[in-house]
Amino acid sequence: IAYKVLWFGSYVLMSSFGSFFLSRKIFGNKSIHILSTLIYSTNTYILMVTGGGQMGVALAYAICPIVIYSFLSNLEKQSTRSILILSLLMGFLVTLDIRIFAVNFLAIFILTIISLNKFFAKNKLKYFINFCRTLLIPTLVAFIYNSYWLVPNLLNPYNPLEKLGSAYTSTA
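Residues numbered from 1 in each chain as written. Predicted model: local features only at pLDDT ≥ 70, side-chain atom pairs only at ≥ 80, totals over all residues. Heavy atoms only, no water.

### Observations regarding the overall build of the protein chain
Of regular secondary structure, the protein chain possesses nine helices and zero strands. Of the regular secondary structure in the protein chain, the N- to C-terminal order runs α-α-α-α-α-α-α-α-α. With the C-alpha coordinates aligned to their principal axes, the bounding extent of the protein chain is approximately 65 × 40 × 25 Å. Of all 172 residues assigned to the protein chain, the portion counted as buried reaches 32%. Once local pairs closer than 6 in sequence are excluded, the contacts in the protein chain between residues at least 24 apart make up 65%. Total accessible area computed for the protein chain in this model is approximately 11100 Å², and 72% of it derives from carbon and sulfur atoms. (Helix = DSSP H or I, 4+ residues; strand = E, 2+ residues; numbered from the N terminus. Buried < 20%, exposed > 50% of the residue type's maximum accessible area, 1.4 Å probe, protein only. Contact = heavy atoms within 4.5 Å. Areas by Shrake-Rupley, 256 points an atom, 1.4 Å probe, with all protein chains shown as cover.)

This is the structure we're talking about:
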């Protein structure tokens, strides 16, 4: 029971509140907030993921709107606190599932290019500095946050269990 309450309850809360606040930031109509929350939290993909017990993927999926909301807030008001919050959310997303982070990063990258190009097309140096603040610094901090498992996998690409023998590597 604790497993279901902790994992599934976390998914329901984060998915519902994240998609609600993101739709509130993007859309003005209140009925759209509830509809978008319902669609995002109960679409067939996520129902299959949670039904299959892949709660790490489900939590990563639930955090995506929160990360995008934090990113949009960072674009509006850049501060050290907002950059740090965005960095930690992105780092937590990488910890949960790096594939969902890649999809979310693509969305954030496209939003960065669109928004910064619209506002800072005249001054290229200011554009580059704001690009670094809004995208590169949070991504770098997110990967530093996850270096405890990324660095060993990059430096040591082979399976260390192979040296222990077939008792640890075979299924027979």
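### Focus: the packing of aromatic side chains
To describe a pair of aromatic rings, one takes the distance between the centres and the angle between the planes. By the definition in use, this model includes nine aromatic pairs. Their ring planes at 45° and their centres at 6.4 Å tell us that F21 and Y69 sit as a pair that is tilted. Taken as a pair, F21 in helix α1 (residues 2-26) and Y69 in helix α4 (residues 55-76) lie far apart in primary sequence, 48 residues in all. Look at Y69 and you get partly exposed, because its relative accessible area is 29%. The structure contains a cluster of three or more aromatic residues connected by ring pairs, namely F17, F20, F21 and Y69. (Phe/Tyr/Trp six-rings, centres within 6.5 Å; stacked < 30°, edge-to-face > 60°.)

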